[in-house]
Amino acid sequence: MWRDLEPIGRDAGSGGYRRFAWGGADGECRDWFRDQARARGLRYEVDRNGNQWAWRGDPERGDAVVTGSHLDSVPDGGAFDGPLGVVSAFAAVDRVPDGGRPLGIVNFTDEEGARFGVACVGSRLATGTLTPERARALRDARGISLPQAMERAGRDPDAIGPDPERLARIGAFVELHIEQGRALADTPHPVGVASAIWPHGRWRFDFHGAANHAGTTRLEDRRDPMLTYATTVLGARKKARLAGALATFGKVAVEPNGVNAIPSLVRGWLDARAADRPTLDTVVAAIEQAARERGGRDGVTVTVTEESRTALVEFDTALRDRLAALLTERHGGAPLLPTGAGHDAGILSATVPTAMLYVRNPTGISHAPAEHATEDDCEAGVTALAEVLEELVCR
C-alpha cells in the first residue's frame, strides 16, 4: 500500500507532497482508497461532503467502530501525516476477525485546509460546525471556489451539509496518526494514546498601505504594510513565548508583489494554539492590538478576520482509558499525550466517542518532507490499532 501511494503528488524538487483537496493528486489518492476497499470486498460509498467510507458489515445497524484519517497534505508535506492512519486502518482491519459490530474505514476530505484555508472541511461539514453557506464561499489562491473544485472532481456541491444520520451509525471512532512532536522519542513506547487537543485557530491579518515606487519614495513618506507585517510577526513570537503558547505566520500574500514596488497590501495568516481558551484569546488579542498600534505609526490599516477556531478537545475518557489499559496490558505501556495539532477525531469528538493513537516520530518533524516513522514503529501501530479494533468490535 505504501508503494502505491508513495509517488502520488510528490514534488521531485522538495521531496514533499502536494495533495490538495479536489485536485489531481487528491483524486488519485481517492481512487486508491476506493480500490483498496473493493479489493477487500468492503462496501464502498462517498457521503454528501465527499468523505469516503469502506464498511465491513451493515453500518445501518448502528454502533459501528470506525477508524481512518485523511490523504490530503499541506504544501510539501510529509508522507505520514494522514496516510499512515488510512494505510494502517486497512492493514489493521485485515487482521480483525468478524465480530458483533460493523467496522468501517474513512478518508476525511480536506483535513489540512491547504487549498481553501479551513481545516477539516469534510468532518466539519458532517458535524455542522462548518455551514454549507460558508463552505461554498471558500476560494483557493487562484479564485476557484470549493463548489467549482468539487464539480470538476465529479461531486455535487449542492448536497454538502450536516450528516447526522451517518454520524449516528458510529459508536466509536479511533484515529491513528503519526506523532507530531517527539514526546515518545526518548521512551521505549512506539505508540501513545491522545489525551487532549489544545484550542487553536486561524486568523487572517490584512495590512493595507499604499503602493509606491521603491526607488523614489522617501522612507518618511511611505505607508509600507510590509513593515507593519514584519513587526507583527516578530511580536507574535514574543507574545506566544511569554504566554507558553504557539503562534505562527506561515503563509503570506503580497500585492502587487513587485521587487521595486512598495506593497499596497500584505495579507498574512496567523496560526495560534494554547493549552486553554483564555490563553489563546489573550495571545491573539495582544498580537492584534500590537499590529494595529504599529499600523497607526506606519500609516497602515489593519483588519483581522477569524477563519476557523477549534475549542479544547478532551477525548472520551472511558474510551481513552480502555485503550490505554489494553495497550499497557499487551505492551507494557502507552503514554497519554496532549497535542497542539488538530485532527478530524477532534472535530468528531463533540458528536461521537473518539480516541487517537500516536505512532512514535523519532525527530518530531511534521508538515515537512523529513517527517518519518520507522518501519518497526509503523508495524507496532498497526498491531496496536488491530488490537484496539478487535477489543471494540468483538467484546
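This section reports on the structure supplied with the text. (Residues numbered from 1 in each chain as written. Predicted model: local features only at pLDDT ≥ 70, side-chain atom pairs only at ≥ 80, totals over all residues. Heavy atoms only, no water.)

Right, let's get into helix 3 (residues 83-95). With 13 residues, helix 3 should cover 18 Å at 1.5 Å per step; its first-to-last C-alpha distance of 19 Å lies within 8% of that length. Helix 3 sits mainly inside the fold: 11 of its 13 residues count as buried. The complete set of buried residues in helix 3 reads P83, L84, G85, V86, V87, S88, A89, F90, A91, A92 and V93. (Helix = DSSP H or I, 4+ residues; strand = E, 2+ residues; numbered from the N terminus. Expected span 1.5 Å × (residues − 1). Buried < 20%, exposed > 50% of the residue type's maximum accessible area, 1.4 Å probe, protein only.)

The next subject is the pairing of strand 2 (residues 52-56). Most of strand 2 sits out of view: five of its five residues are buried. Burial along strand 2 is two-sided: Q52, A54 and R56 and W53 and W55, pointing in opposite directions, are all buried. The pairing of strand 1 (residues 43-46) with strand 2 spans four bridges and is classified as antiparallel. Pairing of V46 across the sheet is with Q52, part of strand 2. Turn length for the strand 1-strand 2 hairpin, with the two strands adjacent in sequence and antiparallel, is five residues, and the turn residue G50 shows positive phi of about 90°. Where strand 2 meets strand 4 (residues 103-108), five bridges bridge the pair, whose relative direction is antiparallel. Considered in strand 4, the bridge of Q52 is made with N107. (Pairing = 2+ DSSP bridges.)

Pairing within the open sheet is antiparallel, and its four strands lie in the order 9-11-7-12. With one partner strand each, in any of the chains shown, strand 9 (246-255) and strand 12 (301-310) form the two edges of the open sheet. For this sheet the average axis-to-axis angle between neighbouring strands, irrespective of direction, equals 20°. Pairing analysis gives nine bridges linking strand 9 to strand 11 (residues 265-273), with the strands arranged antiparallel. Considered in strand 11, the bridge of V252 is made with G268. (Axes fitted to C-alpha atoms, helices over the stretch in contact; angles between N-to-C directions.)

Right, let's get into the layout of surface pockets. Here the idea is plain: a probe the size of a water molecule rolls over the atoms and shows the empty space left. Taken as a whole, the largest pocket encloses approximately 1,300 Å³ of empty space. For the largest pocket, the lining is made up of 42 residues, of which V74, E112, R202, D271 and H367 are closest to its centre. Sorting the residues of the lining of the largest pocket by element identifies strand 7 (200-208), strand 9, strand 11 and strand 12 as the ones contributing at least two each. Split into classes, the residues belonging to the lining of the largest pocket amount to 12 nonpolar, 17 polar and 13 charged. If you add up the space inside the second largest pocket, you get close to 370 Å³. Lining of the second largest pocket is provided by 18 residues; of these, R139, R204, K251, W269 and E307 occupy positions nearest its centre. Secondary-structure elements contributing two or more residues to the lining of the second largest pocket are strand 9, strand 11 and strand 12. Residue classes in the lining of the second largest pocket are distributed as six nonpolar, two polar and 10 charged. (1 Å grid on protein atoms, 1.4 Å probe; cavity = no way out; pocket = protein on both sides within 12 Å on 5 of 7 lines; lining within 4 Å. Points joined across faces, edges and corners; volume = space filled by probe spheres on them. Nonpolar A, V, L, I, M, F, W, Y, C, P; charged D, E, K, R; others polar.)

Moving on to the packing of aromatic side chains. The tally for this structure, following the rule as stated, stands at 11 aromatic pairs. Ring centres 5.8 Å apart and planes at 90° place the aromatic pair W32 and F90 in the edge-to-face group. With a gap of 58 residues between them, W32 in helix 2 (residues 24-39) and F90 in helix 3 connect regions that are remote in the sequence. In terms of burial, W32 and F90 fall into one category: buried. An aromatic cluster of three or more residues is present, and its members are W32, F33, Y44 and F90. In this structure, K251 is placed above the aromatic ring of W269, and the distance from its NZ or CZ to the ring centre is 4.5 Å. (Phe/Tyr/Trp six-rings, centres within 6.5 Å; stacked < 30°, edge-to-face > 60°. Lys NZ or Arg CZ within 6 Å of the ring centre and 35° of its normal.)

Attention now moves to empty space enclosed by the protein. For the coordinates displayed, the defined rule picks out two cavities of 30 Å³ or more. Empty space within the largest cavity amounts to approximately 40 Å³. D26, R30, L71, D72, N107, F108, T109 and D110 are the residues that line the largest cavity. At the level of secondary structure, the elements contributing two or more residues to the lining of the largest cavity comprise helix 2 and strand 4. If you go around the second largest cavity, the residues you meet are S73, V74, G77, G78, D81, E112 and H367. Residue composition of the lining of the second largest cavity, grouped by class: one nonpolar, four polar and two charged.

Turning next to helix 2. End to end, helix 2 covers 23 Å across 16 residues, agreeing with the expected 22 Å (1.5 Å per residue, within 8%). If you follow the buried residues of helix 2, they end up packed against helix 1 (2-5), strand 1, strand 2, helix 3 and strand 4. Positive phi appears at G41, one or two residues downstream of helix 2, with a value of about 75°. (Contact = heavy atoms within 4.5 Å.)

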